[in-house]
Amino acid sequence: MNPVEIRDARPDDIPVLTAIYADAVRHGTASWELEPPSPGEMLRRFEALVADGYPYLVASRGEDILGYAYAGAYRPRPAYRSTVEDSIYLARQAQRMGLGRALLAALIAACEARGFRQMIAVIGDGTGASAASRRLHEQAGFHLVGVARSVGYKHGRWLDQMLMQKDLGEGDRTPPSR
């Protein structure tokens, strides 16, 4: 079996990333979108993130893309410029294989190399169906910031939203360079 490679995403990866994300939208609570975006919309989002200097990674084995992760702006206001929000999505057959951990570690390293200072995980239903995401982030050194109760409604039920946070690089010990 080929080893897993983590690399920068490319535009030609978008059809597979769109399929992975569509499954998460339709069946999961990691994304709170109700309808999966088109490949064209996914390409637009990808290009915007990369153009703004955010990392966008894929995990692949041979020719098969198994998952992806990216960071984006936590909030649009300028004072948040050193803080990113992470997103990780895995194909169903690639879950519980350690790929989320590998992608998150690579994403953290890529964000630190770009000078970001804080990473926020916004975990949809972190007390329920997305408990694995909470454990993944805890194992990577994130700490719980808080839980907003019943702020989303999907799949016929109310969902909580959990916020977790991790210092990157020097964190808040020195002023940011960005």
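Before any of the text, the structure's been laid out above.
Computed from a predicted structure; not experimentally measured.

(A) Looking closely at the overall build of the chain. Scanning the chain for helices and strands turns up four helices and seven strands. In the chain, the succession of helices and strands from N to C terminus is β-α-α-β-β-β-α-β-α-β-β. Computed over C-alpha atoms, the radius of gyration of the chain comes to 16 Å, within 12% of the 16 Å expected from 2.2 N^0.38 for 178 residues, which places it in the range of a compact globule. Partitioning the contacts of the chain with sequence separation of at least 6, the portion at a separation of at least 24 is 64%.

(B) Expanded view of the environment of Ile-108. Within the fold, Ile-108 resides in helix H3 (residues 99-113). The sequence separation of Ile-108 and Val-84 amounts to 24 residues, and the corresponding C-alpha distance is 10.0 Å. For Ile-108, the contacting residues outside a window of four places in its chain are Met-119, Ala-140, Phe-142, Lys-166 and Leu-168.

(C) Focus on the side chain of Ser-60. Locating Ser-60 in the fold gives a position in strand E2 (residues 56-61). Classification of Ser-60 by relative accessible area gives buried; the value is 3%. Among all residues touching Ser-60, those that are not within four sequence positions of it are Pro-3, Val-4, Glu-5, Arg-7, Ile-65 and Leu-66.

(D) Molecular detail of the pairing of strand E6 (residues 143-154). Of the strand pairs in this sheet, E6 and strand E7 (residues 157-167) are connected by eight bridges, and their pairing is antiparallel. Its bridge partner being in E7, Gly-152 is matched across the sheet by Leu-159. From the end of E6 to the start of E7, which pair antiparallel, there are two residues, and His-155 there has a positive phi angle of about 55°.

(E) Highlighting the sheet that holds strand E1 (residues 4-8). In spatial order, the strands read E1-E2-E3-E4-E5-E7-E6; together these seven strands make up an open sheet with mixed pairing. Of all strands in the sheet, those bounded by a partner on one side alone are E1 and E6. Adjacent strand axes in the sheet meet at a mean angle of 25° when their direction is disregarded. Sitting on the sheet, H3 is in contact with E1, E2, strand E3 (64-73), strand E4 (83-90), strand E5 (118-124) and E7, with an inclination near 155° to E4.

(F) Up close: the packing of H3 against helix H4 (residues 131-139). At a closest axis distance of 10 Å, the pairing of H3 and H4 adopts a crossing angle of 50°. In terms of their interaxial angle, H3 and H4 are classed as oblique. Between H3 and H4 lies a crossing whose hand is right-handed. Together, Gly-100, Arg-101 and Leu-104 of H3 and Leu-136, His-137 and Gln-139 of H4 make up the contact between the two elements.

Definitions and cut-offs
Residues numbered from 1 in each chain as written. Predicted model: local features only at pLDDT ≥ 70, side-chain atom pairs only at ≥ 80, totals over all residues. Heavy atoms only, no water. Helix = DSSP H or I, 4+ residues; strand = E, 2+ residues; numbered from the N terminus. Rg over C-alpha atoms; globule rule 2.2 N^0.38 Å. Contact = heavy atoms within 4.5 Å. Buried < 20%, exposed > 50% of the residue type's maximum accessible area, 1.4 Å probe, protein only. Pairing = 2+ DSSP bridges. Axes fitted to C-alpha atoms, helices over the stretch in contact; angles between N-to-C directions. Parallel < 35°, antiparallel > 145°, perpendicular 65-115°, else oblique. Left-handed = near helix turned anticlockwise from the far one by under 90°.

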